Amino acid sequence: MTNFQSMGRRIGGLGMMNFQSMERNKRLKRWSGLPVIFHKGTLEYIMGKIPDFERKPFSADGMNKFYDVIVRKPMNGEGEIPVGIVSKSYSLIQHRDILTLVIDSFKNIPHFNETEFRMFMTPYGERIEFLMILPSKYHFDPGDGHKVGFSFWCRNSVDGSTKLSLLFGWLRLICSNGMVVFDPKSLMDERRHTKSLDQYYVNNLIIKGFAAYEKEKKVLEQLYKTPLNKCAFERWINVSVKEKWGVKAAVRTYHIAMSGRDVNVVPPNKKEPPTKKKVKYTDEVPGAVAPANNFYAVVQALSWLARQRRDIDEQFQWSAQIPALIDDYLKIAA
């Protein structure tokens, strides 16, 4: 396996997200069918928006031996609100407790007060996605003149609908366009809610993340230095991207990389490959470099599409598929 093929397994997706646009449309995102609200501000502000929960017996006239109910404690003038049913073995891990452990692990890094905080949350708070953009000490330019910032994501639910996920990644700072790049062994951990969380566990993940920082910088630099092979790129679009993400996503990936603009597919001739489909150009993609002459720019196009999914879980799932797509291209181009 080449170094680039190994590198491809470690790329989670450059989800180019314009946060100004996201704030304007913060209620349009969904998470397993529920609307999502976006918050951005100080740590104190974010903490003030996070509700607390407790588990109670699942009972009416009789007691359920197998399940409990998770309820949101009174907040904003509202009483208790049930948000989910969980098994007796389920471990309730409060959002606030996780973030407290995370902050305690980060608070001694240089210039911690420069950290930016953002959060997606369902209306009753049963699911959250929390983002910390680390201080400028952890920003760098991979080669295109636009800095990226090392960042930390946390996803959690209290209703059993989402695994607890803690991961490091990168955020492209131009227009606040985001990317996630991670080595699963060093920078990401997922766990089911069947065991407790402690400071040692969080500290250990964060220590491993910072230890991988320099190596991950080199991954981005290698991506930028990987020239785009046009023939391999078109074959990859027409085969790999089409098979994994479908025709429309393949067409959009191709045109974002080539023109810097998103497209709508004109009612198609089904026999045409994605690179030959007729399209109608729409909006410019923030931060896109076109025509792409290296694979760093192409991964931005993939990630733009992943982060444009309306559902938060779909965004996560599509981003997680990007390493396989990168591997496919590198094998075709070899």
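Residues numbered from 1 in each chain as written. Predicted model: local features only at pLDDT ≥ 70, side-chain atom pairs only at ≥ 80, totals over all residues. Heavy atoms only, no water.

Broken down by element type, the chain carries 11 helices and 16 strands. By residue count, 53% of the 334 residues in the chain fall in the buried class. In the chain, the share of contacts with a sequence separation of at least 24, taken over all contacts with a separation of at least 6, comes to 64%. When the accessible surface of the chain is split by element, carbon and sulfur atoms take 50% of a total near 15,500 Å². (Helix = DSSP H or I, 4+ residues; strand = E, 2+ residues; numbered from the N terminus. Buried < 20%, exposed > 50% of the residue type's maximum accessible area, 1.4 Å probe, protein only. Contact = heavy atoms within 4.5 Å. Areas by Shrake-Rupley, 256 points an atom, 1.4 Å probe, with all protein chains shown as cover.)

With that settled, the discussion passes to the pattern of salt bridges. One pass over the structure, following the stated rule, counts 16 salt bridges. A salt bridge links Glu116 to Arg118; its shortest N-O distance comes to 3.3 Å. Classification of Arg118 by relative accessible area gives buried; the value is 3%. When the shortest N-O distance is used, the salt bridge between Glu129 and Arg307 registers 3.8 Å. Highlighted residues: Glu129 in strand 9 (residues 127-133) and Arg307 in helix 10 (residues 295-307), separated in sequence by 178 residues. Across this residue pair, the class does not change: Glu129 and Arg307 are buried. (Salt bridge = Lys/Arg side-chain N within 4 Å of Asp/Glu carboxyl O.)

A separate point is the environment of Trp245. Looking at the secondary structure, you find Trp245 in helix 8 (residues 230-245). Assessed through its relative accessible area of 8%, Trp245 is described here as buried. Separated by 73 residues in the primary sequence, Trp245 and Trp318 place their C-alpha atoms 8.3 Å from one another.

Turning our eyes to something else, we now look at the sheet that holds strand 5 (residues 53-59). With antiparallel pairing, 3 strands are arranged side by side in an open sheet as 5-6-7. This sheet does not close on itself; its edge strands, each paired only once, are strand 5 and strand 7 (81-87). Neighbouring strand axes in the sheet, compared pairwise and without regard to direction, differ in orientation by 35° on average. Where strand 5 and strand 6 (residues 63-72) come together, 6 bridges link them in antiparallel fashion. Pairing of Ser59 across the sheet is with Met63, part of strand 6. (Pairing = 2+ DSSP bridges. Axes fitted to C-alpha atoms, helices over the stretch in contact; angles between N-to-C directions.)

All right, on to helix 8 then. Three or four residues apart is the spacing at which side chains of an α-helix point the same way, because the helix has 3.6 residues per turn. Roughly 40° is the biggest bend found in helix 8, and it falls at Trp236. Turning to helix 8, its buried residues are Ala232, Phe233, Trp236, Ile237, Ser240, Val241 and Trp245. Residues of helix 8 that are buried make contact with helix 9 (247-259), helix 10 and helix 11 (312-333). With a side-chain oxygen positioned 3.1 Å from the backbone nitrogen of Cys231, the residue opening helix 8 is Asn229. Following helix 8 by one or two positions, Gly246 adopts a phi angle in the positive range, close to 95°. (Bend = angle between axes of the 7 residues up to and from the residue. Polar contact = N/O pair within 3.5 Å; in protein donor to acceptor, adjacent residues only side chain to side chain.)

Bringing the packing of helix 4 (residues 95-106) against helix 6 (residues 199-211) into the picture now. Between helix 4 and helix 6, the least distance of the axes is 9 Å, while the angle of their chain directions is 50°. It follows from the interaxial angle that helix 4 and helix 6 lie oblique. When you trace helix 4 past helix 6, the crossing you get is right-handed. Residues Leu101, Val102, Asp104, Ser105 and Phe106 of helix 4 lie in contact with helix 6, whose contacting residues are Gln199, Val202, Asn203, Ile206 and Phe210. (Parallel < 35°, antiparallel > 145°, perpendicular 65-115°, else oblique. Left-handed = near helix turned anticlockwise from the far one by under 90°.)

Right, let's get into the side chain of Asp144. One can find Asp144 in the loop between strand 10 (139-140) and strand 11 (148-157). By relative accessible area, Asp144 is classed as buried at 17%. In this structure the side chain of Asp144 is engaged in a polar contact, spanning 3.0 Å, whose partner is the backbone nitrogen of His146. Sequence-distant contacts of Asp144, defined by excluding residues within four places in its chain, comprise Arg172, Tyr224, Tyr296 and Gln300.

Below, the discussion takes up the packing of aromatic side chains. Under the criterion given, the structure shown has 23 aromatic pairs. With 5.6 Å between their ring centres and 65° between their planes, Trp236 and Phe295 make a pair best called edge-to-face. Placement of Trp236 in helix 8 and of Phe295 in helix 10 is noted, with a sequence separation of 59 residues between them. Here Phe295 falls in the buried class, since its relative accessible area comes to 0%. Chaining the aromatic ring pairs together yields one cluster made of Phe106, Tyr138, Phe140, Phe150, Phe152, Phe168, Trp170, Phe210 and Tyr213. In this arrangement the basic side chain of Arg155 is found over the ring face of Phe316, its NZ or CZ atom lying 4.1 Å from the centre. Residue placement shows Lys217 over the ring face of Phe140; its charged tip is 5.2 Å from the ring centre. (Phe/Tyr/Trp six-rings, centres within 6.5 Å; stacked < 30°, edge-to-face > 60°. Lys NZ or Arg CZ within 6 Å of the ring centre and 35° of its normal.)

Attention shifts here to the nonpolar core. Within soluble globular proteins, side chains that are nonpolar generally end up buried alongside one another. Ranked by internal contacts, the top residues of the largest apolar core, which has 68 residues, are Phe106, Met132, Phe152, Phe233, Trp236 and Trp245. It is helix 10 that contributes the most residues to this core, 10 residues altogether. Not counting residues up to four positions away in its chain, the partners in contact with Trp236 are Val241, Thr253, Phe295, Val298, Leu302, Leu325, Asp328, Tyr329 and Ile332. The next biggest cluster of nonpolar side chains, apart from the first, holds 6 residues, and it includes Phe53, Ile70, Tyr90 and Val158. (Core = buried A, V, L, I, M, F, W, Y, C linked by side-chain atoms within 4.5 Å.)

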